Amino acid sequence: MNKKYKVAVIGAGASGLTACVEAARRFGGENVILLEKQQKIGRKLLATGNGRCNISNADINETHYYGDKKIISSVIGEFGVKKLKRFFSDIGLLLKEDGEGRLYPYSNQAVTVLDCIKNELSRSKVNIICGFAIKSIEHKKDGYFIVSYNEKILAENIIIACGSKASPSLGADDSGFALLKNLGIVSTDLFPALLPINTYEKCTSLKGVRAKGTVYLLADGKIIRSKSGEIQFNENGLSGICIFECSRAVNEYFLYGKIFGEKINTLTVELDVMHDLPETDICKYLRNCRSLFGEQSCEIILSGALHKQLSKTIVDRAGVDRKICKELNENDIQKIAYTAKHLSFKPLISDNFKTAQVCAGGITSEYVSPETLMSKKHKGLFICGEMLDVDGDCGGYNLHFAVSSALKAVKNIK
């Protein structure tokens, strides 16, 4: 008869690794087993925050999260920044906060986080099996059989932390959802979040150009989201963190025709690439440049403030590109200033999980208890991390939820 484990954790990402550490503390590492389909643990964790691992944020609150409100409220309400810091401090990891409230390992390297977790798993003697591709999960009277193609693991409780479809190059897929579906637990539609926004207007001439500014997402002409930061242009559209934070709403609109539950007819992305100046000051600057550049093409009139290709694009959009600078009248000046602060793009749907940092959608509170994260249909089966219908803004919010949901799941194992 095979050994029966108290807890089996499926998936060795941030959430699964956290669950293993916490379960070993509660029940002893010899009673915990970690099952990972890849040959190494923590691959996606190593890539987070461009390899720096933005673990959390000083401003953790529900407003930074989207999806199932009951799950968000329960997890974030119970596991805030202090508890997350304590968890990492207890495995010897030193954290630091940057000027914008983001928490990183002191080393600024994700590998430090993984090393501390590995050391803790080794010290507590957690059983780890890599290369374990799961064929099925069978719920029996005395627990769960986790069946691979050549082995069967028996556990009293299981925590499913398989992650989702974002970043398939790091091994991510929807295999965890397939396992749950066979148990009668069905996910909502999955769609990519925190990724570049493709636009109807091609930006080939702007490829590689960067500008500080504010992004506005307009639904039926009304601003529903705004973010400031560095805007990056690529040949297919727009990128940068401030763009990423608007991308979820864009894809939600194309999937459901709604954003935040409200029906939407039209959606527009608008850029203010001179967001720290009022239009009156921009007009004053343009009048000066009109005198300075006289006989030159007006395409360069903003080149002393913005990249020359961005200046050309703004002048083109303002409809005055055929003029030389000295020919610009006051109406032309105002058009250019207005366009610099209202550079409009029509977004397109993006189903490219390859470039997405996270996946939106997942298992809702219809199937799991928000208070325990245990399945309502299967006692002893817990779900955490990105498999739940919760995703957050950039800035450590998603990793915080991955860790916190794992801690909550383990806490509720009897």
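Coordinates for the structure precede this section.
Reading the values: the criteria
Residues numbered from 1 in each chain as written. Predicted model: local features only at pLDDT ≥ 70, side-chain atom pairs only at ≥ 80, totals over all residues. Heavy atoms only, no water. Helix = DSSP H or I, 4+ residues; strand = E, 2+ residues; numbered from the N terminus. Buried < 20%, exposed > 50% of the residue type's maximum accessible area, 1.4 Å probe, protein only. Contact = heavy atoms within 4.5 Å. Areas by Shrake-Rupley, 256 points an atom, 1.4 Å probe, with all protein chains shown as cover. Lys, Arg positive; Asp, Glu negative; His and termini not counted. Charge placed at Lys NZ, Arg CZ, Asp CG, Glu CD. Axes fitted to C-alpha atoms, helices over the stretch in contact; angles between N-to-C directions. Parallel < 35°, antiparallel > 145°, perpendicular 65-115°, else oblique. Nonpolar A, V, L, I, M, F, W, Y, C, P; charged D, E, K, R; others polar. Pairing = 2+ DSSP bridges.

Student: Provide a residue-level description of the overall build of the protein, including the pertinent values.
Tutor: Along the protein, the regular secondary structure elements total 11 helices and 22 strands. For the protein, the spread of C-alpha atoms along the three principal axes comes to 90 × 40 × 35 Å. Counting all 414 residues of the protein, 54% fall into the buried class. Sequence-distant contacts, at least 24 apart, represent 73% of the contacts inside the protein between residues at least 6 apart. Total accessible area on the protein stands at roughly 18500 Å², and carbon and sulfur atoms take up 48% of it. Averaged over its 56 positive side-chain charges, the protein has a centre that lies 5 Å from the centre of its 46 negative ones.

Student: Give me the environment of Thr204: which residues, what numbers.
Tutor: Inspection of the secondary structure puts Thr204 in the loop between β12 (197–198) and β13 (210–219). Separated by 31 residues in the primary sequence, Thr204 and Glu235 place their C-alpha atoms 4.1 Å from one another.

Student: Lay out unusual backbone geometry with the relevant residues and their values.
Tutor: Positive phi, close to 55°, is recorded for Leu194, a residue that is not glycine. Summarising the element assignment, Leu194 is placed in the loop between β11 (191–193) and β12. Here Asp220, not a glycine, exhibits a phi torsion of approximately 50°, which is positive. By secondary structure assignment, the location of Asp220 is in the loop between β13 and β14 (222–234). Judged by relative accessible area, which is 36%, Asp220 ranks as partly exposed.

Student: Provide a residue-level description of the packing of helix α3 (residues 69–78) against helix α11 (residues 397–411), including the pertinent values.
Tutor: Close contact between α3 and α11 brings their axes to 9 Å; oriented N to C, the two are set at 85°. As the angle between them shows, α3 and α11 are arranged roughly perpendicular. Across the interface between the two elements, Ile71, Ser74, Val75, Ile76 and Glu78 of α3 pack against His400, Phe401, Ser404, Ser405, Lys408 and Lys411 of α11. Of the residues in the contact of α3 with α11, the class split is 4 nonpolar, 4 polar and 3 charged.

Student: Would you mind going over the sheet that holds strand β15 (residues 237–239) in detail, with residue names and values included?
Tutor: If you walk across this open sheet you meet the 6 strands as β12-β15-β14-β13-β18-β19, and the pairing is antiparallel. Two strands lie at the open edges of the sheet, namely β12 and β19 (343–345), each paired on one side alone. Bridge count for β13 against β14 is 10 bridges, and the pairing is antiparallel. Residue pairing in the sheet places Ala219 in a bridge with Lys222 of β14. This element, helix α7 (residues 241–256), spans β12, β13, β14, β15 and β18 (267–272) of the sheet and lies at about 125° to β14. Contacts between helix α9 (residues 308–318) and the sheet are confined to β13, β14 and β19, with β19 contributing the most and set at about 80° to the helix.

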